[in-house]
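Here is how the chains run, residue by residue.
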Amino acid sequence: MQDNCASLLTATVSSLDGLASDKSLAVLRIDTFPTQTAVHQVLLDAGYCWSAPWCGKRASLLISLRAGDADLLSQMKTKGRYNTRLAEKAGVIVETGSLNEVPEFYELHSKTAAHHGFPVFPLEYFAYLWRLFATRNRMAFFIARFNGRPVAAICNTVVGSRMYYGWGGIDRDPSCSRLMANYLLHFRAMQWAREHGCTHYDLCGDTEFKRKLGGEPILWPLPLRKFYGPFAGLRRCALETCWKRPLLRRTVDQIAWRAGCRPRLPY
């Protein structure tokens, strides 16, 4: 790691301490990517500690992109390969979206969120991310179309040599669901990632659908937390203790939801 990068990380962490002081924050939680070992060390040196409560280690699936398309398909489960080819034969076309296609992605993402009952970031958030990262090939939207109609979309980010699946959405109309466009979407995203120098594709989770795409199981690191203000050590101990006792954890969790102290985040 270059010295200027280390200095930048240290300065960033110092700025976080200043932000916590200015805003009178009680605690900061930082989630890091699996490969960010230098970031982990800087945060640990600054007083952050690994902490499991309300997150823990997250299981994921990591797909190697070092091989060709045939090998990518061979890594998939039989059903995954079948559905990928089915979407292609059905005439599904996957495009790399521009800023103009962000609203199309957002509409599909919002429909999926409404179906599953989870909140979403505003449209402006995704447009901001695109302007910030997509021009540097650090982010990409992939839109699947059938007869010109958007039927599925995903938004992925690139950190280091890995592409990470971020957000997705699909048209839940039965005529669209039968196209299996989401399988072809990820396959095309893997191809794009490989062409842009990525060595791995992280599905950011381990679900039945994602297992059909293949990959080796991995665990993401625990979050890092730093407490501020009076009795910081005591509050950290209380959080960890509560987490280890399921009944107490559920009680505190319900109280926090009702009091608005733990807002639902869209991820």
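See the structure printed just above.
Parameters and conventions
- Residues numbered from 1 in each chain as written.
- Predicted model: local features only at pLDDT ≥ 70, side-chain atom pairs only at ≥ 80, totals over all residues.
- Heavy atoms only, no water.
- 1 Å grid on protein atoms, 1.4 Å probe; cavity = no way out; pocket = protein on both sides within 12 Å on 5 of 7 lines; lining within 4 Å.
- Points joined across faces, edges and corners; volume = space filled by probe spheres on them.
- Helix = DSSP H or I, 4+ residues; strand = E, 2+ residues; numbered from the N terminus.
- Nonpolar A, V, L, I, M, F, W, Y, C, P; charged D, E, K, R; others polar.
- Buried < 20%, exposed > 50% of the residue type's maximum accessible area, 1.4 Å probe, protein only.
- Pairing = 2+ DSSP bridges.
- Axes fitted to C-alpha atoms, helices over the stretch in contact; angles between N-to-C directions.
- Contact = heavy atoms within 4.5 Å.
- Phe/Tyr/Trp six-rings, centres within 6.5 Å; stacked < 30°, edge-to-face > 60°.
- Salt bridge = Lys/Arg side-chain N within 4 Å of Asp/Glu carboxyl O.

Our next topic: the layout of surface pockets. Estimates place the volume of the second largest pocket at around 340 Å³. What lines the second largest pocket is a set of 13 residues, and nearest its centre among them are T12, L16, I30, V39 and L43. Within the residue set of the lining of the second largest pocket, elements represented by two or more residues are helix 1 (3-22), strand 1 (27-30) and helix 2 (37-45). Considering every element that reaches the lining of the second largest pocket, the biggest residue donor is helix 1, with four residues. Residues belonging to the lining of the second largest pocket are distributed by class as follows: eight nonpolar, three polar and two charged.

This part covers the pairing of strand 7 (residues 162-170). Of all nine residues in strand 7, eight are buried; the element is thus mostly enclosed. Direction of pairing for strand 6 (residues 149-159) relative to strand 7: antiparallel, over a ladder of eight bridges. Note on strand 7: the bridge partner recorded for V159 is R162. Linking two consecutive strands that pair antiparallel, namely strand 6 and strand 7, is a turn of two residues; a positive phi of about 65 degrees is found at G160 within it. Bridge count for strand 7 against strand 8 (residues 200-202) is three bridges, and the pairing is parallel. Within strand 8, the position partnered with Y164 by the bridge is D202.

Time to look at the sheet that holds strand 6. Strands sit in the order 4-5-6-7-8-3-9 across an open sheet of seven strands; the sheet is mixed. Of all strands in the sheet, those bounded by a partner on one side alone are strand 4 (93-97) and strand 9 (216-219). Direction aside, neighbouring strands of the sheet carry axes that sit 30 degrees apart on average. Most of the contacts of helix 8 (residues 181-195) go to strand 6, to which it runs at about 35 degrees, and overall it touches strand 3 (59-64), strand 4, strand 5 (139-146), strand 6, strand 7 and strand 8.

For the rest of this paragraph, the subject is unusual backbone geometry. Positive phi values are uncommon outside glycine, yet S24 reaches one of about 55 degrees. Owing to a relative accessible area of 66%, S24 belongs among the exposed residues under this scheme. With a phi angle near 55 degrees, N147 is a residue other than glycine that sits in the positive phi range. Here N147 is to be found in the loop between strand 5 and strand 6. Judged by relative accessible area, which is 70%, N147 ranks as exposed.

Looking now at the environment of A189. In this fold, A189 is placed in helix 8. Taking C-alpha positions, A189 is 32 Å from W50, a pair spaced 139 residues apart along the chain. Here A189 is in contact with F142, I154, N156, M163 and Y201, once residues within four sequence places are set aside.

Further remarks concern the sheet that holds strand 10 (residues 224-227). A sheet is described by the order of its strands in space; here three strands give the open sequence 1-10-2, paired in antiparallel fashion. A strand with exactly one partner marks an edge of an open sheet, and here the two such strands are strand 1 and strand 2 (49-50). Summarising the sheet, strand 1 and strand 10 pair through four bridges and their orientation is antiparallel. The partner of L28 across the bridge, within strand 10, is K226. Each of strand 2 and strand 10 touches helix 10 (residues 232-243); the most contacted strand, strand 10, lies at about 140 degrees to it.

One pass over the structure, following the stated rule, counts 13 aromatic pairs. Every member of this aromatic cluster is reached through a ring pair, and the members are F105, Y106, F121, Y125, F126, F141 and W167.

This part covers the pattern of salt bridges. What the rule picks out here adds up to ten salt bridges. We note a salt bridge from R29 to D31, for which the minimum N-O separation is 2.9 Å. Under the relative-accessibility criterion, R29 is labelled partly exposed at 34%. Across the salt bridge formed by E88 and R188, the nearest N and O atoms sit 2.9 Å from each other. Note that E88 is positioned in helix 4 (residues 78-90) and R188 in helix 8, a separation of 100 residues in sequence. We classify E88 as partly exposed; its relative accessible area is 43%. Within this structure, R29, D31 and R58 form a network of salt bridges that share partners.

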